[in-house]
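The residues making up each chain are set out below.
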Amino acid sequence: MLKFHTIAATKFAPAFALSYNNGGMCSSPSSFTLFKASVHSTVSSAHNFSLEITNLEDALNLFNSMIQTHPLPCVVRFNQLFGKIVRMKHYSSVISLYKQMDPLGVVPDLYTLGILINCFTHLRNMSSSLSVLGKLIKFGYQPNTVIMNILIKGFFVEAKPAEAANCFRKMTEAGCVPDIVTYNTLVNCFCKMGDTDSAIDLLERMEAQFGKPNLITYNTIIDCLCKDGLFNGALNILSEMTSQGIVPDVVTYTSLIDGACKLGEWNKARRLLSDMIGQKLSPNVVTFSVLIDKLCKDGLLVDAMKVFSQMTSQGIVPNVVTYNSLIHGACRLGKSEEAARLLSEMVGRNLTPNVRTFNILIDAACKEGLFDDARILFSEMISRGIVPDVVTYTSLIHGACMIGQWKEAIRLLNEMVGRKVIQMYGLSASWLIHFAKRGWLEMPGVWLKLWFGEASNLMLSLTGRCLMATVFEEKLRRQKK
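Just so it is clear, the structure is predicted and the values come from calculations on it, not from any experiment.

Calculation rules
Residues numbered from 1 in each chain as written. Predicted model: local features only at pLDDT ≥ 70, side-chain atom pairs only at ≥ 80, totals over all residues. Heavy atoms only, no water. Helix = DSSP H or I, 4+ residues; strand = E, 2+ residues; numbered from the N terminus. Buried < 20%, exposed > 50% of the residue type's maximum accessible area, 1.4 Å probe, protein only. Contact = heavy atoms within 4.5 Å. Areas by Shrake-Rupley, 256 points an atom, 1.4 Å probe, with all protein chains shown as cover. Salt bridge = Lys/Arg side-chain N within 4 Å of Asp/Glu carboxyl O. Expected span 1.5 Å × (residues − 1). Polar contact = N/O pair within 3.5 Å; in protein donor to acceptor, adjacent residues only side chain to side chain. Phe/Tyr/Trp six-rings, centres within 6.5 Å; stacked < 30°, edge-to-face > 60°. Axes fitted to C-alpha atoms, helices over the stretch in contact; angles between N-to-C directions. Parallel < 35°, antiparallel > 145°, perpendicular 65-115°, else oblique. Nonpolar A, V, L, I, M, F, W, Y, C, P; charged D, E, K, R; others polar. Core = buried A, V, L, I, M, F, W, Y, C linked by side-chain atoms within 4.5 Å. Left-handed = near helix turned anticlockwise from the far one by under 90°. pLDDT = per-residue confidence, 0-100.

Of regular secondary structure, the protein chain possesses 24 helices and zero strands. Scored against the burial criterion, the 481 residues of the protein chain give a buried share of 47%. Of the contacts made within the protein chain by residues no fewer than 6 positions apart, 65% connect residues no fewer than 24 positions apart. Accessible surface computed for the protein chain: about 23,700 Å², of which carbon and sulfur atoms make up 55%.

Turning to the pattern of salt bridges, a few remarks are in order. Here the structure, examined in full by the defined rule, presents 16 salt bridges. Its salt-bridge partner being Asp258, residue Lys262 comes within 2.9 Å of it at the nearest N-O pair. Of this pair, Lys262 and Asp258 are both found in helix 12 (residues 250–262), four residues apart, which corresponds to roughly one turn of the helix. Here Asp258 falls in the buried class, since its relative accessible area comes to 8%. We note a salt bridge from Glu380 to Arg384, for which the minimum N-O separation is 2.9 Å. One continuous salt-bridge network, built from bridges that share partners, spans Asp258, Lys262, Asp293, Lys294 and Lys297.

Another aspect to go through is helix 21 (residues 406–418). Look at helix 21: 18 Å from first C-alpha to last across 13 residues, which is about the 18 Å you get at 1.5 Å a residue. Those residues of helix 21 not exposed but buried are Trp406, Glu408, Ala409, Ile410, Leu412, Leu413, Glu415 and Met416. Of the residues one or two after helix 21, Lys420 is the one with positive phi, at around 60°.

Next up on the list: the side chain of Thr182. As for its placement among the helices and strands, Thr182 is situated in helix 8 (residues 180–192). Taking relative accessible area as the criterion, Thr182 reaches 0% and is therefore assigned buried. Of the polar contacts made by the side chain of Thr182, one reaches the side chain of Asp179; its length is 2.8 Å. Among residues more than four places away in sequence, those in contact with Thr182 are Thr145, Met148, Asn149, Ile152 and Phe168.

With respect to the helices and strands, Met126 occurs in helix 5 (residues 126–138). Note on Met126: relative accessible area 3%, which makes it buried. Placed 28 residues apart in sequence, Met126 and Gly154 show a C-alpha to C-alpha distance of 6.9 Å. Ignoring sequence-local partners within four residues, the contact set of Met126 consists of Thr121, Leu151, Gly154, Phe155 and Glu158.

What characterises a pair of aromatic rings is the spacing of the ring centres plus the angle enclosed by the ring planes. For the structure on display, the rule yields six aromatic pairs. Here Phe168 and Tyr183 contribute two aromatic rings whose centre-to-centre distance is 6.1 Å and whose plane-to-plane angle is 65°, an arrangement assigned as edge-to-face. Of this pair, Phe168 sits in helix 7 (residues 161–173) while Tyr183 is found in helix 8, placing the two residues 15 residues apart along the sequence. Owing to a relative accessible area of 7%, Phe168 belongs among the buried residues under this scheme. Ring geometry for Phe378 and Tyr393: centres 5.7 Å apart, planes at 65°, overall edge-to-face.

The subject of this paragraph is the packing of helix 6 (residues 145–157) against helix 8. Contact pair helix 6 / helix 8: the axes reach a minimum separation of 9 Å and the direction vectors enclose 5°. Our classification of the angle between helix 6 and helix 8 gives roughly parallel. Of the residues in helix 8, those touching helix 6 at Thr145, Met148, Asn149, Ile152, Lys153 and Phe156 are Val181, Thr182, Thr185, Leu186, Cys189 and Phe190. Of the residues in the contact of helix 6 with helix 8, the class split is seven nonpolar, four polar and one charged.

When the terminal C-alpha atoms of helix 11 (residues 231–243) are compared, their 18 Å separation across 13 residues agrees well with the 18 Å that a helix rising 1.5 Å per residue should span. In the segment just after helix 11, Gly245 is the residue with positive phi, at about 85°.

Residue Pro71 follows His70 across a cis peptide bond; omega there is -5°. With respect to the element layout, Pro71 can be found in the loop between helix 1 (56–67) and helix 2 (75–87). Residue Ala159 is not a glycine yet carries a positive backbone phi of 60°. Phi is positive for Asn350, which is not a glycine, with a value near 65°. Structurally, Asn350 can be placed in the loop between helix 17 (336–348) and helix 18 (355–367).

With that out of the way, let us pick up the nonpolar core. Among the nonpolar cores identified, the biggest contains 128 residues, and Phe82, Leu291, Leu326, Ile327 and Ile362 are the most heavily contacted of them. In contact with Leu326, not counting residues within four places along its chain, are Ile292, Cys296, Leu301, Ala304, Met305, Phe308 and Leu342.

When you line up the elements, Thr196 lands in helix 9 (residues 196–210). By relative accessible area, which is 6% here, Thr196 ends up buried.

Once that is clear, we can look at the packing of helix 19 (residues 371–383) against helix 20 (residues 390–402). At a minimum axis distance of 10 Å, the contact between helix 19 and helix 20 shows a crossing angle of 155°. Taken together, the axes of helix 19 and helix 20 are roughly antiparallel relative to one another. Two packed elements cross with a definite hand, and for helix 19 against helix 20 that hand is left-handed. Of the residues in helix 20, those in contact with Phe371, Ala374, Phe378 and Met381 of helix 19 are Thr392, Tyr393, Leu396, Gly399 and Ala400.

Regions with low pLDDT should not have their predicted coordinates read in detail. Confidence in the prediction of the protein chain, expressed as mean pLDDT, is 77, and 76% of residues score 70 or more. Here helix 24 (residues 456–480) stands out as the least confident element of the protein chain, with mean pLDDT 45; helix 16 (residues 320–332) is the most confident, with 95. Here residues 1–50 is a poorly scored stretch, pLDDT under 50, and it has 97 contacts once near neighbours within four places are set aside; other chains count. Here residues 423–429 is modelled with pLDDT under 50, and outside its nearest four sequence neighbours on either side it reaches 19 contacts, counting other chains as well.

Structure below.
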């Protein structure tokens, strides 16, 4: 058998990047119309400061020069500067600068206060956002649709749907007219929270107000239904969408293919892929990766490799997600050599293995009893600057317990706690059960007290059912002996 630690010898390219486009689902508050200079086109050229800033230091220097100017620039100039800083995502800095500007006698306007609400919302400080909203109303301003959209999204980010709905109701009652972005934001947030019924209800309200929802709205609901396993419902929405003259795109088909795969409807998934290509829509890496992932999870690695070949033959370059699915599929079937080949190919494409990649390999090594190889992979992971998560430690602790290395399991648990890895309740149940099966029934409670202190009672309550069943089983077994 191929040793797993040989996989770790490859030099990985240390490139990580994250980019996304929300496609208009909820336009980023950092780019909304608050910052359009055209709103204040009548500004005097007496304070024509350059706004060509490229970093926070430039912005701070410009601010300092502005507040030392006599007379002070008008609030519009400060708004333009704050807008630049918001686009750099330095939300706390904007709030700090505003606090320096306010005592100087520069009176904030609707745009200034909107920017502040935006910043507090990004920082998940909705109480401060509402305080600024109160100030805005006190100054005699009418909150606009953009501000309403920011607040609604902020409440959903903090998992407060009731507050978001209340905000929507109050602001519409006050005369703030929702737009397509408002409804798309609400639909998106309800879908992310699994409340499909509310999302579909909003869809009907959108139809009444705007005539018909747009492609983004339909895609959001179709994706939500597919994720909930309601594939037929998603097809019904697709039918309604096309009857409205809205043409499905790659995102639509990708969600539907995912939904079909979740139900094991491989023929429907392939038919959807064919329909997509027939409509001159080119499947992207996400589309193929979805199909490959589901095939691998069902143990259909050969079929997944065929889809992979189709993908690459069309000139679509696989990404880390694609390879992780294939490597996982190979490992699940015990094909460690194929997993190593795929990893080598992945690195050869200058793709950097991530925590998911290492977790797959470490778990596979542990399940095959190759704990030493798993530890070498773990060391390689750390040396590459990849932070282990609860999945990493769960696999290692299970692996140590499987070969009876209890002290190593305890050391790993202590290390996990020291690294402040959270969400370890399921893990705690697993190692407690291992100890219970060893007959060390009195020790887990003591260790819980040492490791988790006052939180140990919570830990016991969360794992208690599983542990108590195991302890009872072990006691009966020992009594029979």
